[in-house]
Amino acid sequence: MPGSRPTPRCALTPASLTSAGTPKGGRQEFAPPCLGPGSNAVETRRRGPAGVLPPEASAAPQPAFPRCQPREAETPSPTLPPHFPKEEEFERDVPKDLGPLQFVKLRKHHSLVDDAWFCDCITVRGPGACEEATFFPCYRWVQGQDVLSLPEGTARLAGDNALDVFQKHREKELKERRRLYCWATWKEGLPRTIAAERQDDLPPNSRFHEEKRLDFEWALKAGALETVLKRVYTLLSSWSRLEDFDQIFWGQKSDLAERVHHCWRDDELFGYQFLNGANPMVLRRSASLPSRLVLPSGTEALGAQLERELQSGSLFEADFSLLDGIPANVIRGEKQYLAAPLVMLQMRPEGKLLPVVIQIQPPSPSCPAPPLFLPSDPPLAWLLAKIWVRNSDFQLHQLQYHLLNTHLVAEVIAVATMRCLPGLHPVFKLLIPHIRYTLEINTRARSQLISEGGIFDKAVSTGGGGHVHLLRRAMAQLTYSSLCPPDDLAARGLLGIPSALYAHDALRLWEIIARVWKELGNVPQDNAGETCPHKQYVQGIVRLFYHRDDVVRGDPELQAWCREITEVGLCQAQDRGFPASFQSQSQLCHFLTMCVFTCTAQHGAINQGQLDWYAWVPNAPCTMRMPPPTTKEDVKMATVMGSLPDIRQACLQMTITWHLGRRQPDMVPLGHHKEKYFSSPKAKAVLSQFQTDLENLEREITARNAQVDLPYDYLRPSRIENSVTI
């Protein structure tokens, strides 16, 4: 407005402070730039401790523009200083007409120490009380001396640009992002990853903030100390009975872990874990008797029972054939062992899932038919057979369903998003909260967990290279439909089972994320009975910006993002059902729902149970130190204890499952990120309704859990993290 005098405000977080608590090194400035004939006000806010801005920050804006130094591709990024939760705001008057703003530019003056600041946003307001603010989201580190250019926060497609300057900004931004976020091949035949050998190689905006980094590293040290104490405590103790595991079952554990400790031998709890445990992804309803299940003479009654259960639809199976032939680890010179069991289970009328028969190894032409283990067998033989199943489940859970299907898929989504979608794109704004910290946690996993000499090599039977073989096999089974619960659960025959709590909650969350009203058979209405068009999450955002299918087809940035995921990140995954292009609104909504669900709910379901179900090591041993039994009569307690992990391996398993399964102190619940990437009222209403839907589901699950013997909490929305961060 001509003649108006705006009051600027700006939100910044000091990333480095002196011991006195004031920002150290240099001066930060912002300048509302000149991309239009007139505008009005500016507001600056920073997060940090009680430090104060330098004197220059409270002065009127300088004609210079703020700067940000991008990381050179060949130079590791510096360790970022602390990011503090406290938020500070400051205002600055601009004594001149600014005009309608399209951009603000930000730089920080360089001093002797190159500190960094984290800027949340800049808001520009006119002098009148009724003037609408103009919002410029940032949520990035400001460091070095280059200019950081922030466009006004309204999401827009490439074709929506009223001024050519927005298109130039998008192209420049993506060019720089492609330089910073490069693809790499960790292992041939697996999804591609970010090009970073260690976390210090990552772009600064993908790094842990200080609170997260300190907690992560403290937890590793605390776990290592607990392991040492347990080793010392058991140094002179015997290790010959299952009760001897009690000697290390102290420290960090949950109430459910205590229950597992007491009830892990029960067939009912064994079966329950296939439905609602740490890995509910293997179980399926049998359509026929598996061909590998060879019934020897004398087991006619068993065959008849299986046939009856099959005909009634109550026969289920968990087949671990993917492990057949995977080379086992050698730990400290001692050979470890793997098996590829098959377990057949029956669903009782009251909803209990009970094992009927276990075949530990598949038949081989060169070997006698493998024995079948039954609940009526000698107790230790039946227990050891179940332990072998639980060990195999541990391997598939950690590698196929946890690492590959959530972590590595989420990383592909994250890298493709950073390389192909500019900050103004609505899909970028939708997804960016759901890829927070993913690149760093995966980089740490590759350098500490599954690396040569890492945790898997030290304690897990698929370590030492077997884990890579298994991941390659699992990659061949990674289909698009396997990542979408409505398709996956239907294919596995798990729909409509009252005791399948994971299945129920996963479907409800999928519906809430997508809000597929047509499939649910109703359309949301307001109190007056009018249709509410923007009360969905993924669908709501998509339909705000893609009014027709041809708009979807005509978005070059969106189509490039799709190709980057399917053809590059997932290594030509079109033959496994992943789309190479988007042809309609519904196809785009389905794919985006898969992305959000994988990065949030599915990872929550697969990750959180580790502390509960794996802390008592005999329930899910990380390795087995003796080969599978070939006879039942020879199984003694010495056989069971000689097969289970030794003290060193058991302590390491308890430590790492606590570290990975515990609730994170800076955890952001699903849908409750503080960052405001969307600025339009309609987009904000979509997120608000999403939060309301999640709160309603929270109440439903809480009420349901009060009525069941063993509550299922992993998909309660308040426990689901907004991204893959651990």
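We now turn to the structure provided with this report. (Residues numbered from 1 in each chain as written. Predicted model: local features only at pLDDT ≥ 70, side-chain atom pairs only at ≥ 80, totals over all residues. Heavy atoms only, no water.)

1. A few points about the side chain of T639
Using the following cut-off: Numbering of helices and strands starts at the N terminus; helices are DSSP runs of H or I of at least 4 residues and strands are runs of E of at least 2. Only protein chains enter the accessibility calculation, which uses a 1.4 Å probe; a residue whose area is less than 20% of its type maximum is buried, one above 50% is exposed, and one in between is partly exposed. Two residues qualify as a contact provided that any one of their heavy atoms is within 4.5 Å of a heavy atom in the partner residue.
Tracing the sequence through the fold places T639 in helix α19 (residues 637–643). A residue is classified by how much of its surface remains accessible, and T639, at 18% relative accessible area, is buried. Here T639 is in contact with L384, M626 and D634, once residues within four sequence places are set aside.

2. Let's talk about the sheet that holds strand β16 (residues 353–359)
As a reminder, the rule being used: The criterion for strand pairing is that DSSP finds at least two bridges linking the strands in question.
Strand order in this open sheet of five strands is β11-β12-β15-β16-β17, and the pairing throughout is antiparallel. Either end of the sheet is taken by a strand with one partner, and the two such strands are β11 (284–285) and β17 (372–373). The pairing of β16 with β17 spans two bridges and is classified as antiparallel. In the sheet register, I358 faces β17, and the bridge partner there is F373.

3. Focus: the environment of R563
Counting through the fold element by element, R563 comes out in helix α16 (residues 556–569). Distance in space between the C-alpha atoms of R563 and F578 is 9.6 Å, their sequence separation being 15 residues. Look past the residues within four positions of R563 in its chain and what remains in contact with it is V568 and A580.

4. Side note on the side chain of K429
Counted only if it meets this: By the counting rule applied here, Lys and Arg register as positive and Asp and Glu as negative, while His and the ends of each chain are not counted. Any Lys or Arg side-chain nitrogen found within 4 Å of a carboxyl oxygen on Asp or Glu counts as a salt bridge.
Within the secondary structure, K429 sits in helix α7 (residues 426–431). The side chain of K429 is buried and forms no salt bridge, while E152, the nearest opposite charge, is found at 7.9 Å. What K429 contacts, discounting residues up to four positions off in sequence, is P137, G153, T154, A155, G423, L424, Y677 and F678.

5. Some details on a nonpolar patch on the surface
Cut-off, in case you're wondering: Patch membership requires over 30% relative accessible area and the absence of a salt bridge. Like charges are linked within 9 Å, and nonpolar side chains (Val, Leu, Ile, Met, Phe, Trp, Tyr) within 5 Å. Accessible surface area values rest on a Shrake-Rupley calculation with a 1.4 Å probe, where residue burial reflects the displayed protein chains alone.
A cluster of nonpolar side chains, contributed by L225, L229, Y233 and W250, occupies part of the molecular surface with about 430 Å² of accessible area. Summarising the element assignment, W250 is placed in the loop between α2 (210–233) and α3 (255–263). Overall, W250 belongs to the partly exposed group, its relative accessible area being 32%.

6. Some points on the pattern of salt bridges
Within this structure, the stated rule accounts for 32 salt bridges. In this structure, the salt-bridge partner of E411 is R446, at a minimum N-O distance of 2.8 Å. A residue pair is termed long-range when its members are at least 10 positions apart, and E411 in helix α6 (residues 379–420) and R446 in helix α8 (residues 438–449) qualify at 35 residues. In this structure, E411 and R446 share a single accessibility class: buried. The salt bridge partner of E700 is R508, with a shortest N-O separation of 3.0 Å. Taken together, the positions of E700 in helix α21 (residues 681–705) and R508 in helix α12 (residues 501–514) put the pair 192 residues apart, joining distant regions of the chain. Residue class for E700 comes out partly exposed when judged on its relative accessible area of 37%. Residues participating in the shared-partner salt-bridge network are R198, D200, R207, E210, R213, E217, E440 and R444.

7. Brief notes about α2
Stated precisely, the cut-off is as follows: Expected helix span is computed as 1.5 Å times (number of residues minus one).
Taking 1.5 Å of rise per residue, 24 residues should cover 34 Å, and α2 covers 34 Å from first to last C-alpha, within 8% of that figure. Along α2, the residues classified as buried are E210, K212, R213, D215, F216, A219, G223, E226, T227 and K230. The inward-facing, buried residues of α2 contact α8 and α20 (647–661).

8. Some words on the nonpolar core
Quick note on the threshold: Joining through side-chain atoms within 4.5 Å is the link that ties buried Ala, Val, Leu, Ile, Met, Phe, Trp, Tyr and Cys residues into a set, and such a set is a nonpolar core.
Ranked by internal contacts, the top residues of the largest apolar core, which has 176 residues, are F274, Y546, W561 and W613. No other element matches α6, which puts 24 residues into this core. Residues in contact with F274, not counting those within four places in the same chain, are N279, P280, L283, A318, F320, V343, L345, L353 and V389. Counting residues in hydrophobic clusters, the runner-up holds 14 residues, among them V104, C119, C138 and L150.

9. Some thoughts on the packing of aromatic side chains
Test applied: Here is the rule: rings of Phe, Tyr and Trp (six-membered ring for Trp) pair when centre to centre is within 6.5 Å. Planes less than 30 degrees apart are stacked, more than 60 are edge-to-face, and the remainder are tilted. A ring has a charge above it when a Lys NZ or an Arg CZ is no more than 6 Å from the ring centre and no more than 35 degrees off the ring normal.
Evaluated as defined, the whole model comprises 21 aromatic pairs. Between Y480 and F591 the ring centres are 5.8 Å apart and the planes differ by 45°, which places this aromatic pair in the tilted class. Within this pair, whereas Y480 is found in the loop between α10 (466–476) and α11 (485–491), its partner F591 is found in helix α17 (residues 585–607), the two being separated by 111 residues in sequence. For F591, a relative accessible area of 0% translates into the label buried. Aromatic ring contacts, followed pair by pair, group Y480, W561, F578, F582 and F591 into a single cluster. Above the ring of F270, the side-chain terminus of K386 is found at 5.8 Å from the ring centroid. Above the ring of F373, the side-chain terminus of K632 is found at 5.8 Å from the ring centroid.

10. Things to note about the pairing of strand β15 (residues 342–347)
Taken across its six residues, β15 has six buried, putting it largely inside the fold. Every second residue of β15 is oriented toward a common face, with L342, M344 and Q346 on one face and V343, L345 and M347 on the other, all of them buried. Here strand β12 (residues 315–319) runs beside β15; their pairing, made up of five bridges, is antiparallel. Among the inter-strand pairings, L315 is bridged to a residue of β15, identified as Q346. Bridge count for β15 against β16 is six bridges, and the pairing is antiparallel. By the bridge assignment, M347 is partnered in β16 with L353.

11. Quick notes on unusual backbone geometry
Its identity is not glycine, yet Y437 carries a phi of approximately 70°, on the positive side. For Y437, the position within the fold is in the loop between α7 and α8. You can call Y437 buried: its relative accessible area is 7%.

12. Here's the deal with helix α1 (residues 164–180)
Each turn of an α-helix holds 3.6 residues, which means side chains three or four residues apart point in the same direction. The end-to-end C-alpha distance of α1, which contains 17 residues, comes to 25 Å, matching closely the 24 Å that a straight helix rising 1.5 Å per residue would cover. Those residues of α1 that are buried are in contact with β5 (103–108), β8 (148–151), α6, α7 and α16.

13. Structural notes on the packing of α6 against α10
This is how the line gets drawn: Lines fitted to C-alpha atoms define the axes, with helix axes restricted to the stretch in contact, and inter-axis angles between N-to-C directions lie between 0 and 180 degrees. The scheme is simple: roughly parallel for angles under 35 degrees, roughly antiparallel for over 145, roughly perpendicular for 65 to 115, oblique for anything else. Put simply, a crossing is left-handed when the front helix is turned counterclockwise from the back one by less than a right angle, and right-handed when it is turned clockwise. Lys, Arg, Asp and Glu make up the charged group, whereas Ala, Val, Leu, Ile, Met, Phe, Trp, Tyr, Cys and Pro make up the nonpolar group; the residues left over, Gly among them, are polar.
Where α6 contacts α10, the axes come no closer than 10 Å and their chain directions differ by 55°. In terms of their interaxial angle, α6 and α10 are classed as oblique. Between α6 and α10 the crossing geometry is right-handed. Residues Q395, L396, L399, Q400, L403 and L404 of α6 touch α10, and the partners they reach there are H467, L470, L471, A474 and M475. Here the residues of the contact of α6 with α10 sort into eight nonpolar, three polar and no charged.

14. Focus: the pairing of strand β6 (residues 116–124)
For β6, the buried fraction is high: nine of the nine residues fall into the buried class. The pairing of β6 with strand β7 (residues 134–143) spans eight bridges and is classified as antiparallel. The residue bridging A116 from the neighbouring strand is Q143, located in β7.

Distances and angles like these do not, on their own, reveal function.
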